[in-house]
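# Structural description and commentary
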Amino acid sequence: MNTLIFRTVAPFLTALMLLFSIFVLLRGHNEPGGGFIGGLIAASAFAIYGIAFGVQAVRRALWFHPMSIAGAGLLLATLSGLLSALFGLPFMTGLWVYPELFGVEVPLATVMSFDLGVYLVVVGAITSIALALEERESD
């Protein structure tokens, strides 16, 4: 399925899917979506790019090994849960801060950092599996 049309459309489709995955990640706090679904969309984007251009092209585009991305996500999600314990609250209790950026109050929460951690875990793990399967198929 490595046609000229697919190779031409794949970069645009990948960029659009990655943008949509970030949208789903960010809206998941208040509406359906979140880190898991956003991560699946991003991993699917990398899989499509890998089918079109090969595994090495995806590895170059990622900068880091996919399992390193998953490990960083797991660390971030765990730290987000443990942060509440430092304040004497139960594990995974959401904490909020309201910093001002350029005169605008921006609410930030450990809930969002946990979702970002889940996003990175899913992107790293599923992309690693997809790349391993694509490498095996090409042999």
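What you see is a predicted model, and the numbers here were worked out from it, not measured in a lab. (Residues numbered from 1 in each chain as written. Predicted model: local features only at pLDDT ≥ 70, side-chain atom pairs only at ≥ 80, totals over all residues. Heavy atoms only, no water.)

In this structure, Leu25, Ala42, Phe46, Val55, Val58, Leu62, Ile69, Tyr119, Val123 and Leu131 together form the largest nonpolar core, which totals 10 residues. Every element with two or more residues in this core is listed here: α2 (35–53), α3 (55–62) and α5 (110–138). Setting aside anything within four residues of it in sequence, one finds Leu62 in contact with Phe46, Ile69 and Thr127. Ala10, Met17, Ile41 and Ile48 belong to the second largest nonpolar core, which has eight residues in total. (Core = buried A, V, L, I, M, F, W, Y, C linked by side-chain atoms within 4.5 Å. Buried < 20%, exposed > 50% of the residue type's maximum accessible area, 1.4 Å probe, protein only. Helix = DSSP H or I, 4+ residues; strand = E, 2+ residues; numbered from the N terminus. Contact = heavy atoms within 4.5 Å.)

Right, let's get into the packing of helix α1 (residues 4–27) against α2. Contact geometry of α1 with α2 gives a least axis separation of 8 Å together with a crossing angle of 170°. Taken together, the axes of α1 and α2 lie roughly antiparallel to each other. A class-by-class count of the residues in the contact of α1 with α2 yields 19 nonpolar, five polar and one charged. (Axes fitted to C-alpha atoms, helices over the stretch in contact; angles between N-to-C directions. Parallel < 35°, antiparallel > 145°, perpendicular 65-115°, else oblique. Nonpolar A, V, L, I, M, F, W, Y, C, P; charged D, E, K, R; others polar.)

Within this structure, the stated rule accounts for one salt bridge. A salt bridge links Glu135 to Arg59, with the nearest nitrogen and oxygen atoms 3.4 Å apart. Here Glu135 is found in helix α5, whereas its partner Arg59 is found in helix α3, with 76 residues between them in sequence. Note on Glu135: relative accessible area 30%, which makes it partly exposed. (Salt bridge = Lys/Arg side-chain N within 4 Å of Asp/Glu carboxyl O.)

Glancing now at the packing of α2 against α3. Closest axis-to-axis distance for the α2/α3 pair is 7 Å, and the angle between their directions is 135°. As judged from the angle between their axes, α2 and α3 are oblique. Contacts between α2 and α3 involve Phe46, Tyr49, Gly50 and Phe53 from the first element and Val55, Ala57, Val58 and Leu62 from the second. Residue classes in the contact of α2 with α3 are distributed as seven nonpolar, one polar and no charged.

Taken residue by residue, the protein chain gives an average pLDDT of 91. The fraction at 70 or more is 98%. Per-element mean pLDDT across the protein chain ranges from 88 in strand β4 (residues 108–109) up to 95 in α2. (pLDDT = per-residue confidence, 0-100.)

Here we come to α3. Those residues of α3 that sit buried are Val55, Ala57, Val58 and Leu62. Around the axis of α3, the buried residues are gathered within 160° of arc, so they sit on the same side. Two residues or fewer after α3 comes Trp63, characterised by a positive phi angle close to 70°. (Arc of directions from axis to C-beta.)

With that out of the way, let us pick up the packing of aromatic side chains. The geometry of two aromatic rings is summed up by the distance between their centres and the angle between their planes. Following the criterion strictly, the structure yields two aromatic pairs and no others. Seen from their ring centres, Tyr49 and Phe53 are 4.9 Å apart, and the 45° between their planes marks the pair as tilted. Of this pair, Tyr49 and Phe53 both sit in helix α2, four residues apart, roughly one helical turn. Judged by its relative accessible area of 36%, Phe53 falls in the partly exposed class. (Phe/Tyr/Trp six-rings, centres within 6.5 Å; stacked < 30°, edge-to-face > 60°.)

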